Amino acid sequence: MERLQTLKGNIQKWFTIPNREKSSHMTAFQAIVRKEFTDYITSWRIIILLLIITFTCIGSLYTAITNIQDALDAAAEETKEVARSAFLFLKLFTISDGTLPSFITFVGFLGPLLGVALGFDAINSERNKGTLSRLMAQPIPRDFVLNGKFAAALLINALLFFALGFLVMSFGILILGIPPTLEEFLRIICFLILCIAYIAFWLNLGILFSVRFKQAATSALASIAIWIFFSLFYSMLVELLSKSILNPENIASTSDAISKQGLVLNLMRISPNYLFTESTTTLMSPSVRSLGPLTVEQTTGAIAGPLPLSQSLLLIWPQLTGLIAATLVCFALSYLLFMRQEVRSK
Amino acid sequence: MSSPIITLDEISKQYDEQYAVDHLSLAIKKGEIFGLLGPNGAGKSTSILMMLGLSEPTTGSVHVCGINSTSNPIEVKRRVGYLPDDLGFYEHMTGFENLLYTASLNGLSRKLAEERANYLLQRVGLTDATNKKAGKYSRGMRQRLGLADVLMKDPEVIILDEPTLGIDPEGVREILKLIQQLNKEDGITVLLSSHQLHQVQQICDRVGIFVKGKLLAEGNMEELAKQLFFEDLFIIYVKAEPIDSELIEKIRTLRGVNHIEQALDKLEIYVDHDISADIAKIIVQNNISLTQIQKKNYGLDEIYHRYFEGGDSRGEAPNS
């Protein structure tokens, strides 16, 4: 009962923070974000990663443009109209000639690395340097440190991806001479937001490990291990399992086959990488109509054509919310751990 | 001057089954320098963390400047500066920038912060190192920067956890002088923890002795000695040849002798007042050659030795 009372008091206090206090808290939070942001963009680790990502994107843009241009030159003038309706502009992000992977493959691969690099030493480096206890002695709420770091990293992330996305778009317009339609533009924006959410997941995983593990090396290795597991081994494991699950001898009926197929698909969806790939393909290739198996009955009579944006979004809504939920779970865990941890380092 | 600014009321901190701090009550007066003395792991740092609201007491309550530290830590931290023992700075930033960052966390305006940082750097003697990266600072410089950092928020109380740890004697002297200045000139109440006895002895108005989460004794040096040693205020060391039981018996009958310990050709005589002259006379009268006589009064060294290292071999901790 007493606990309840104090809780009630705390909640009341929360809502009635005097203005002066609120504004001084805000400036403190801004100060943390500003400092962390400066630290990130001046650290070699992040500069190198940003350069790698930028260069690979330029490379994939180059191959995409040459491919598309060849196709355009080969085709007659009137096909340009057709090209437009076939979402040619989106192909900038997805097409590849086999030598260099496409933009979305690169992001799917390097994005997690960026997220982990931004997060893996967020808390434990402060702890090891002895700056955490000094920070904690300042009149700021404890969670500001964690939130500030997260906000700064997310800001870097958002800036990078919007900059890259817009650069690719502008180069596409300049070189190909085809402007994007409104729908294409919106699809690209949604794609960029998806990328940010995806990297935010890895960022939060990194932060979680940085709270949990005292050594930065341990948390970096743990995050990278998870990244490699999901991007390389997880799909192999599921394939191995699916061999026995989808063994024709065990399948009795059509509905059985469908449910088993669904099971395998759901197993795949545990991996954030798979969720990301599914969502990006749907967003960037409007011709994708379903992510699960389709029966012959469902496809008979269907006219092959692109889905409108709203339908594509509807299709990936579970994936998107799943990704964001995973991000939030990681953040909530690190938040809880951090709030309960002793400040003392040794 | 005498109203308490830090009040600990029966606080305990329990880790698993063990008490790190065991029902500790303590009042620190406004304007004094209080030394918290104890061996490593006595619970000094834990108590300090509880005063700042960085750790929650299992039972009991802590008030600093009249504010409850557990329920309202931010208000407390606005008034209290804390220098942790494992002090660290952002090494890629200069000392000046580190101070500015602290200022911005305290909601100081940029202009005010720069003025204050310059003033404090000059005060702790780091003017030359203002624009040097904090990673290049020596241990002593870091500690002084730490002191400046604590003062950025213009605190009423400063809590220093092992401020002289790992610093050369000259550096220690400077830091202690600074602390004393802050106390006398700026009227800042100082609480410092240490296991280095002489330093505490030099500057503290009052000292609390802390062992295994309990406060054994508190007061100024004289009171402490009285509380802890009853009447044994002096030890007289005698070196003589030969020492026999007859001599020991004779010395024992002298007024003021409480206890004699013999080791080969040496005697340690515990007395309540200075009777070295009488002892010397007896030895000479007995035709024994006196090679050395030395008197020593108790400092914290003996307190330390007796309570922390020697354990309770000389009996229970005296209750005053």
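Residues numbered from 1 in each chain as written. Chains lettered and ligands numbered in written order. Predicted model: local features only at pLDDT ≥ 70, side-chain atom pairs only at ≥ 80, totals over all residues.

Note the threshold: UniProt positions are given in the numbering used here, feature names are shortened, and annotations may be inferred rather than shown by experiment.
As recorded in an unreviewed UniProt entry, chain B goes by ABC transporter ATP-binding protein and comes from Gracilibacillus dipsosauri. Per UniProt, chain B has the following entry under Sequence similarities (unreviewed entry): "Belongs to the ABC transporter superfamily."

## What about the overall build of chain B?
Put simply, the rule is: Each helix is a run of H or I in the DSSP string that is no shorter than four residues. Each strand is a run of E no shorter than two, and both are numbered from the N terminus. Residue burial here comes from a neighbour count, namely the number of other C-beta atoms, placed from the backbone, that lie within 10 Å of the residue's own C-beta, with 20 or more meaning buried, 12 or fewer meaning exposed, and in between meaning partly exposed.
Helix and strand content of chain B: 11 helices and 14 strands. Taken across its 320 residues, chain B has 42% of its residues classed as buried.

## Notes on the overall build of chain A
Our working rule: Any pair of residues counts as being in contact when their C-beta atoms, constructed from backbone geometry, are within 7 Å of one another.
From N to C terminus, chain A includes 15 helices and 0 strands. Here chain A, with 346 residues, has 31% of them falling under the buried criterion. The contacts in chain A between residues at least 6 apart in sequence include a share of 84% that link residues at least 24 apart.

## Focus: the interface of chain A and chain B
It is common to give the size of an interface as the accessible area lost on bringing the parts into contact. Here is the rule we go by: In the scheme used here, Gly and all other residues not listed as nonpolar or charged are polar, with Ala, Val, Leu, Ile, Met, Phe, Trp, Tyr, Cys and Pro taken as nonpolar and Asp, Glu, Lys and Arg as charged.
Facing the 21 residues of chain A at the interface are 22 residues of chain B. The set of elements that each furnish at least two residues to the side of chain A that touches chain B consists of helix H2 (19-42) and helix H8 (131-136) of chain A. The element contributing the most residues to the side of chain A that touches chain B is H2 of chain A, with 5 residues. Of the residues belonging to the side of chain A that touches chain B, the class tally is 8 nonpolar, 7 polar and 6 charged.

## Describing the sheet that holds strand E7 (residues 157-161) of chain B
Residues and elements named next belong to chain B. Which entries qualify depends on this criterion: Two strands pair if DSSP finds at least two bridges between them. Axis geometry follows a simple rule: fit a line to the C-alpha atoms, using only the stretch in contact for helices, then measure angles between N-to-C directions, giving values from 0 to 180 degrees.
In spatial order, the strands read E6-E7-E8-E3-E9-E10; together these 6 strands make up an open sheet with mixed pairing. Every interior strand has two partners, whereas the edge strands, strand E6 (80-83) and strand E10 (214-219), have only one. Along the sheet, successive strands turn relative to each other by an average axial angle of 15°, direction set aside. On the sheet, helix H1 (residues 44-51) packs against strand E3 (33-37), E7, strand E8 (189-194) and strand E9 (206-211) and is oriented at approximately 150° with respect to E7.

## Considering the pairing of strand E12 (residues 257-263) of chain B
Residue and element names in this part refer to chain B. Relative to strand E13 (residues 266-271), E12 runs antiparallel, the two sharing 6 bridges. Paired with Val257 across the two strands is Val271, which belongs to E13. Counted between consecutive antiparallel strands, the loop separating E12 from E13 contains 2 residues, among which Leu264 sits at a positive phi close to 50°.

## Quick look at unusual backbone geometry
Residues and elements named next belong to chain B. Positive phi, close to 40°, is recorded for His23, a residue that is not glycine. Residue placement: His23 occurs in strand E2 (residues 18-29). Not every positive phi belongs to a glycine, and Glu162 is a case in point at roughly 50°. Within the secondary structure layout, Glu162 lies in the loop between E7 and helix H6 (169-185).

## Notes on H1 of chain B
When you tally the buried positions in H1 of chain B, you get 8 out of 8 residues, the bulk of the element. Gly53 of chain B sits one or two positions beyond H1 of chain B and adopts a positive phi of about 75°.

## Focus: the packing of helix H10 (residues 182-212) of chain A against helix H15 (residues 309-340) of chain A
All names here are of chain A. Heads up, the rule is: Small angles under 35 degrees read as roughly parallel and large ones over 145 as roughly antiparallel, with 65 to 115 read as roughly perpendicular and the rest as oblique. The crossing is said to be left-handed when, going from far helix to near helix, the turn is anticlockwise and less than a right angle, and right-handed when the turn is clockwise.
At their nearest, the axes of H10 and H15 sit 8 Å apart, and the two run at 20° to each other. Taken together, the axis directions place H10 and H15 in an arrangement best described as roughly parallel. Our pair here, H10 against H15, has a crossing hand that is left-handed. For the contact of H10 with H15, the class distribution of residues is 22 nonpolar, 3 polar and 3 charged.

## Digging into the pairing of E13 of chain B
All names here are of chain B. Residues of E13 alternate between two faces, with Leu267, Ile269 and Val271 buried on one and Lys266, Glu268 and Tyr270 left unburied on the opposite face. Across 6 bridges, the pairing between strand E11 (residues 234-241) and E13 is antiparallel. The partner of Tyr237 across the bridge, within E13, is Glu268.

## With respect to the sheet that holds strand E1 (residues 4-15) of chain B
Residue and element names in this part refer to chain B. Here we have 4 strands laid out as an open sheet, ordered E2-E1-E4-E5, and antiparallel in their pairing. Each edge of the open sheet is held by one strand with a lone partner, namely E2 and strand E5 (67-68). With 8 bridges connecting them, E1 and E2 associate as antiparallel partners. Considered in E2, the bridge of Pro4 is made with Lys29.

## Focus: the environment of Asp97 of chain A
Residues and elements named next belong to chain A. Relative to the elements of secondary structure, Asp97 occurs in the loop between helix H5 (88-94) and helix H6 (103-119). Residues Asp97 and Ser23 lie 74 residues apart in sequence; the distance between their C-alpha atoms is 54 Å. In this view, Asp97 contacts Thr63 and Asn67; residues no more than four positions away in its chain are not counted.

## Considerations on helix H11 (residues 216-245) of chain A
Residue and element names in this part refer to chain A. Just so we agree on the cut-off: A helix's residues, less one, multiplied by 1.5 Å, set its expected span. Bend angle per residue: angle between axes fitted to the 7 residues ending at that residue and the 7 residues starting there.
Between the first and last C-alpha of H11 there are 40 Å, a value that for 30 residues agrees with the 44 Å anticipated at 1.5 Å per step. The largest bend in H11 is about 50°, located at Phe233. Of the positions making up H11, those classed as buried are Ser219, Ala220, Ser223, Trp227 and Val238. Buried positions along H11 lie against H6, helix H7 (124-129), H10 and helix H12 (254-268).

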